[in-house]
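Coordinates in review
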Amino acid sequence: MKTLSVALLITIAAAPLGAQQDWVARVSPEIATLVRELTSSAATRGLPIDPLIQKAIEGSAKGVPADRIAAALRALAGQLDVSAAALRRAGPSRPDTDAIAAGAFALNAGLSDTNVTDLARVSRPRHTEAATLRVAGTLAAMGVPAAQTVELVTQVIDAGGQSADVVALPAQVTAGVAHGQGVTPAQAAAGLARAAAARANAPGQQRPRPSHP
Amino acid sequence: MSGKDFHPQVKQLLDGELSLADLPAALRAEGEEALRLLAVVDREPVTFPGLETRVLAELRRRADSPSWWRRLVTPREVRLRVRPWTLVPAFAAALALVLFLAQPGPTPATSPVTVRFVLFAPDAQQVSLAGTFNQWDPAATPLVRTGTPGVWSATLILPAGQHQYAFVVDGARWVADPGAPAVDDGFGRRNSVLSL
Amino acid sequence: MSGQDGSTDGQVVRAILAGDTERYGELVTRYRDRYARYASRMLGSRDAAEDAVQDAFVRAYDQLAQCRDPDNFVGWFFLILRNRCFAERRKSKEVAPLEAAGAIAAVERAEVPVEAAEQRRALQHALLELTAEQREVFVLKHVEGLSYGEIAERLKTSVPSLKMRMHRAYDRLREQLRDRP
């Protein structure tokens, strides 16, 4: 078994979780009851339910005690609510469930609800909020501070970046850290933001912070 | 007059599938009543002059910064170069790398991507991968030892999108990928994030 | 689906997504009135319809990155407008109430000559009493002139289910119009 060519190659089919009932088999009856209660309540508020099901399965697979799983599920439901509210503040369109889930991911990664609102606003119309928020959450998860994360994403979009450019940001920050020998993610991100601002022909000028109604 | 509902043939008349002459005599009166109903349908065209001005004014009003306005009047397209992916320097403890295979350039993936997961865990007897792509089942995706001592790997084809995962060492120890972005899993541990 | 300069919807949408956001005005101009009548009949009021169409254009701009088939922008826009019309809970007060309170005999309404405008209003009133789905199929077929097949394609449903909806609508309309004084 010397070469990678004999390494296992496994295809994982993407099955929409909400569509399958086998999540029930993966959690305890007590957790299943809680999941049903939280998801039906979430659905009436227009929130995505797959993240809740996913988290219940995860906790069960990790052998986490039921009360800890319950606490995590309630916390996640709360994050979905906060995310939806933050997206609604960004404009009149009803937020779609992908965007809400992505916003909750961003919140969990350390961004604030204000950050989520700002990122949603700056996304439109050329970028989907979900994609922008996933990238922002990933940057925050890499250790880029919230303010720098929002700044970097905003500058790239303002400079006319395509969706591929936004999606590539985490890799660029990682590369910046690797090249920079001691450069922190925050510093790498700041450097990229300055480069984007320069390209947008606004030398030395920071984008004004959006006002909050 | 007959009961409250229109006769099925009169409904076909209304649908345009029968003509009045096709109806039996007994249904003629009802058919005429139905056609009178259709005759008063208001088909007057409606226009909204100046709507485009109002829509654009609304969009500009909602813009929250001068730079949005600047984009509106001076559209500009800038491509940022994607630097080549490089490896994070190795550490003495467990090292994990995720390499992207078959990715020719910054195309946003909508088709599945081949991903190779690698973990340096020289003391492990068994390593597996659990994540959102396999229902977090620690038994579903074992890693295999590679030619290099202490290095385990598995290669998967994953759908585009965002995934969370962790390695499971010896069936019990959940280890996040030190080289990947990490988020709180809600249970006191960390999950790694993979975006495709 | 092209404008006078020959550019297709898809070209304009892709240009906007590439940064030329000013061009959204072209799409609004192109389709400004396309569904004005549909919205008016669905909501029972021209003003409510204008609000709905304006709102739908704003929403479409916000979500433009999610338009999966830019060459069929108008079909996607229609669905946004449709959702907006369905969400409209208030019935418009602007369809004038029937004024002939004392002037028309109660029973054999069809035999008493009434002004055509009055009858039109009565029918619009009656339409507002239907469910939104019933009203929609009636409006698309009898106001917009689409065939069942065309409606089925647009709404992603089947002709038999549309006919069932429509036939129920016919009966309810008949009931409404007979009950009016």
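Take the overall build of chain C next. Along chain C, the regular secondary structure elements total nine helices and zero strands. Starting at the N terminus and ending at the C terminus, chain C contains elements arranged as α-α-α-α-α-α-α-α-α. Burial analysis of chain C (181 residues in total) assigns 35% to the buried set. The long-range fraction of contacts in chain C, counting pairs at least 24 apart against all pairs at least 6 apart in sequence, stands at 66%.

The next subject is the overall build of chain B. When you go through chain B residue by residue, the secondary structure sums to four helices and nine strands. Along chain B, from the amino end to the carboxyl end, the secondary structure elements read α-α-α-α-β-β-β-β-β-β-β-β-β. When burial is assessed residue by residue, chain B has 32% of its 196 residues classed as buried. Excluding contacts between residues fewer than 6 apart, the proportion of contacts in chain B whose partners are at least 24 apart in sequence is 53%.

Before going further, it helps to examine the environment of Asp67 of chain A. Residues and elements named next belong to chain A. Examined against the element boundaries, Asp67 turns out to sit in helix H3 (residues 66-88). Accessibility expressed as a C-beta count within 10 Å gives 9 for Asp67, which makes it exposed. When the C-alpha positions of Asp67 and Ile31 are compared, they lie 8.9 Å apart, and in sequence the two are 36 residues distant.

For the rest of this paragraph, the subject is the environment of Asp165 of chain A. Residue and element names in this part refer to chain A. In this fold, Asp165 is placed in helix H8 (residues 163-167). On the neighbour-count criterion, Asp165 (22 C-beta atoms within 10 Å) is buried. In sequence terms Asp165 and Val153 are 12 residues apart; their C-alpha atoms lie 9.7 Å from each other.

Right, let's get into the interface of chain A and chain C. With nine residues of chain A at the contact, the number on the chain C side is 12 residues. Residues belonging to the side of chain A that touches chain C are distributed by class as follows: two nonpolar, five polar and two charged.

In this section: the environment of Arg168 of chain C. Here Arg168 of chain C lies in helix H9 (residues 159-179). Through-space distance from the C-alpha of Arg168 of chain C to that of Leu130 of chain C is 9.3 Å; in sequence the pair is 38 residues apart.

Over its 13 residues, helix H6 (residues 129-141) of chain A extends 18 Å from the first C-alpha to the last, a length consistent with the 18 Å expected when each residue adds 1.5 Å. H6 of chain A sits mainly inside the fold: 13 of its 13 residues count as buried.

For chain B, the mean per-residue pLDDT works out to 77, and 74% of the residues sit at or above 70. pLDDT under 50 marks residues 64-108 of chain B. Its contacts with residues more than four places away, or in other chains, come to 87 contacts.

Moving on, we get to the packing of helix H3 (residues 51-62) of chain B against helix H4 (residues 46-62) of chain C. Taken N-terminus to C-terminus, the directions of H3 of chain B and H4 of chain C make an angle of 50 degrees; their axes are 10 Å apart at the nearest point. If you check the angle between H3 of chain B and H4 of chain C, you find them oblique. In this structure, H3 of chain B meets H4 of chain C at a crossing whose hand is right-handed. Each of Leu51, Arg54, Val55, Glu58 and Leu59 of chain B in H3 of chain B lies in contact with H4 of chain C, whose residues at this interface are Glu50, Val53, Gln54, Phe57, Val58 and Tyr61 of chain C. Within the contact of H3 of chain B with H4 of chain C, the residues separate by chemical class into seven nonpolar, one polar and three charged.

Residues and elements named next belong to chain A. Here H3 crosses helix H4 (residues 97-108) at 110 degrees, and the two axes come no closer than 8 Å. The angle between the axes of H3 and H4 places the two elements in the roughly perpendicular class. Read as a crossing pair, H3 and H4 show a hand that is right-handed. Facing Leu76, Gln79, Leu80, Val82, Ser83, Ala84, Ala86 and Leu87 of H3, the residues of H4 in contact are Ala99, Ile100, Gly103, Ala104, Leu107 and Asn108. Within the contact of H3 with H4, the residues separate by chemical class into 10 nonpolar, four polar and no charged.

Next up on the list: unusual backbone geometry. Of note, the amide linkage connecting Arg124 of chain A to Pro125 of chain A takes the cis form, showing an omega dihedral of -5 degrees. Note that Pro125 of chain A resides in the loop between helix H5 (113-123) and H6.

Before going further, it helps to examine helix H9 (residues 169-180) of chain A. The end-to-end C-alpha distance of H9 of chain A is 16 Å, a good match for the 16 Å that 12 residues give at a rise of 1.5 Å each. Phi turns positive one or two residues past the end of H9 of chain A, at Gly182 of chain A, with a value near 105 degrees.

It is worth spelling out the nonpolar core at this point. One broad trend across soluble globular proteins is that nonpolar side chains are buried collectively. Counting 92 residues, the largest nonpolar core has Leu52, Ala106, Ala136, Leu139 and Val153 of chain A as its most contacted members. With nine residues, H3 of chain A is the single largest residue contributor to this core. The contacts of Leu139 of chain A, once residues within four sequence positions are left out, are Val144, Thr149, Leu152, Leu169, Pro170, Val173 and Ala189 of chain A. In this structure, Val12, Val28, Ala36 and Ala49 of chain C belong to the second largest nonpolar core, which totals 52 residues.

Further remarks concern the pairing of strand S9 (residues 190-195) of chain B. Residues and elements named next belong to chain B. Burial within S9 is extensive, with five of its six residues counted as buried. Relative to S9, strand S8 (residues 182-184) is paired through three bridges, and the arrangement is antiparallel. When the bridges of S9 are listed, Val183 appears paired with Asn191. If you look at the hairpin formed by S8 and S9, you'll find five residues sitting between the two strands, and Gly186 has a positive phi there, around 90 degrees.

The next subject is the pairing of strand S3 (residues 127-131) of chain B. All names here are of chain B. Of all five residues that make up S3, five are buried, and the element is covered over most of its length. Residues Val127, Leu129 and Gly131 of S3 are buried on one face, and the alternating residues Ser128 and Ala130, pointing to the opposite face, are buried as well. As judged from the five bridges shared by S3 and strand S6 (residues 162-169), these two strands associate in the antiparallel manner. Looking at the pairing, Leu129 lines up with Phe167 of S6.

Before going further, it helps to spend a moment on the confidence of the model for chain C. All names here are of chain C. When pLDDT is averaged along chain C, the result is 83, and 82% of the positions lie at 70 or above. Mean pLDDT values over the elements of chain C span from 89, in helix H6 (residues 116-129), up to 96, in helix H7 (residues 132-143). Confidence drops under a pLDDT of 50 for residues 90-113, and excluding neighbours within four residues, the segment shows 32 contacts in the predicted structure.

What counts, and where the lines are drawn
Residues numbered from 1 in each chain as written. Chains lettered and ligands numbered in written order. Predicted model: local features only at pLDDT ≥ 70, side-chain atom pairs only at ≥ 80, totals over all residues. Helix = DSSP H or I, 4+ residues; strand = E, 2+ residues; numbered from the N terminus. Buried ≥ 20, exposed ≤ 12 C-beta atoms within 10 Å, placed from the backbone. Contact = placed C-beta atoms within 7 Å. Nonpolar A, V, L, I, M, F, W, Y, C, P; charged D, E, K, R; others polar. Expected span 1.5 Å × (residues − 1). pLDDT = per-residue confidence, 0-100. Axes fitted to C-alpha atoms, helices over the stretch in contact; angles between N-to-C directions. Parallel < 35°, antiparallel > 145°, perpendicular 65-115°, else oblique. Left-handed = near helix turned anticlockwise from the far one by under 90°. Core = buried A, V, L, I, M, F, W, Y, C linked by C-beta atoms within 7 Å. Pairing = 2+ DSSP bridges.

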